[in-house]
Amino acid sequence: MDSWLSIEVLDGAFAASAWQRAHGDRLTEAALTHGAEQWTWHVHRWGVTLEIEFSSEEKRDRFRGLPAVTAALDAVPDPEHGLLVYPGRGGGSGSRVPRRPRPLPMSGCGALPTPQEDVSLRLATAEPPGIEICPAS
């Protein structure tokens, strides 16, 4: 089973892209030498995200505890509010079951009956109105 690790770095005292340029090569090198199968960087308007795939959770956790990784994460632009590290891919793709919309909680949620149209039928007359028929003499 594949194990992903996502590292999101938000802009802070300086741009997260500057942090990526300073620490990105060391992070990817450490990931590759410790069993990473693939990785990808995403640049956003609010920061950067690094997603790394490992073949097992043990390799993922071993990578997370490396001194090079700890040093890079300590140097993010906003260490208090600008760092998110979590298992799985970024953006909420961890759920394998799609969410279903739920009905709004309100009274009277039942379907309304379809209104019936009032239909009236009349028989047509045999002669058009306003025409007199003369009897034969």
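Because the structure is predicted, anything quoted here is derived from the model rather than measured.

**A few points about the packing of aromatic side chains**
A full pass over the atoms with the stated rule returns 2 aromatic pairs. On the basis of an interplanar angle of 65° and a centroid distance of 6.3 Å, the ring pair of Trp19 and Trp41 is categorised as edge-to-face. Residue Trp19 is found in helix α1 (residues 16-33), and its partner Trp41 is found in strand β2 (residues 36-43); the two are separated by 22 residues along the sequence. Here Phe54 and Phe63 contribute two aromatic rings whose centre-to-centre distance is 5.4 Å and whose plane-to-plane angle is 40°, an arrangement assigned as tilted. Phe63 carries the same exposure label as Phe54, and that label is buried.

**So, the sheet that holds strand β4 (residues 83-87)**
A sheet is described by the order of its strands in space; here 4 strands give the open sequence β2-β3-β1-β4, paired in antiparallel fashion. Single-partner strands in this sheet number two, and they are β2 and β4. Sheet twist, expressed as the average angle between the axes of neighbouring strands with direction ignored, equals 10°.

**Observations regarding the nonpolar core**
Counting 19 residues, the largest nonpolar core has Val9, Trp19, Leu27, Ile52 and Phe63 as the members making the most contacts within it. Of all the secondary structure elements, the ones that give two or more residues to this core are β1 (3-10), α1, β3 (47-54) and α3 (67-74). No other element matches α1, which puts 5 residues into this core. What Leu27 contacts, discounting residues up to four positions off in sequence, is Trp19, Trp41, Leu50, Phe63, Val69 and Ala72.

**So, the packing of α1 against α3**
The N-to-C vectors of α1 and α3 enclose an angle of 170°; their axes lie 10 Å apart at closest approach. Considered as vectors, α1 and α3 are oriented roughly antiparallel to each other. Residues Trp19, His23 and Leu27 of α1 form the contact with α3, whose participating residues are Val69, Ala72 and Leu73. Here the contact of α1 with α3 is composed, by residue class, of 5 nonpolar, 1 polar and no charged.

Cut-offs and rules
Residues numbered from 1 in each chain as written. Predicted model: local features only at pLDDT ≥ 70, side-chain atom pairs only at ≥ 80, totals over all residues. Heavy atoms only, no water. Phe/Tyr/Trp six-rings, centres within 6.5 Å; stacked < 30°, edge-to-face > 60°. Helix = DSSP H or I, 4+ residues; strand = E, 2+ residues; numbered from the N terminus. Buried < 20%, exposed > 50% of the residue type's maximum accessible area, 1.4 Å probe, protein only. Pairing = 2+ DSSP bridges. Axes fitted to C-alpha atoms, helices over the stretch in contact; angles between N-to-C directions. Core = buried A, V, L, I, M, F, W, Y, C linked by side-chain atoms within 4.5 Å. Contact = heavy atoms within 4.5 Å. Parallel < 35°, antiparallel > 145°, perpendicular 65-115°, else oblique. Nonpolar A, V, L, I, M, F, W, Y, C, P; charged D, E, K, R; others polar.

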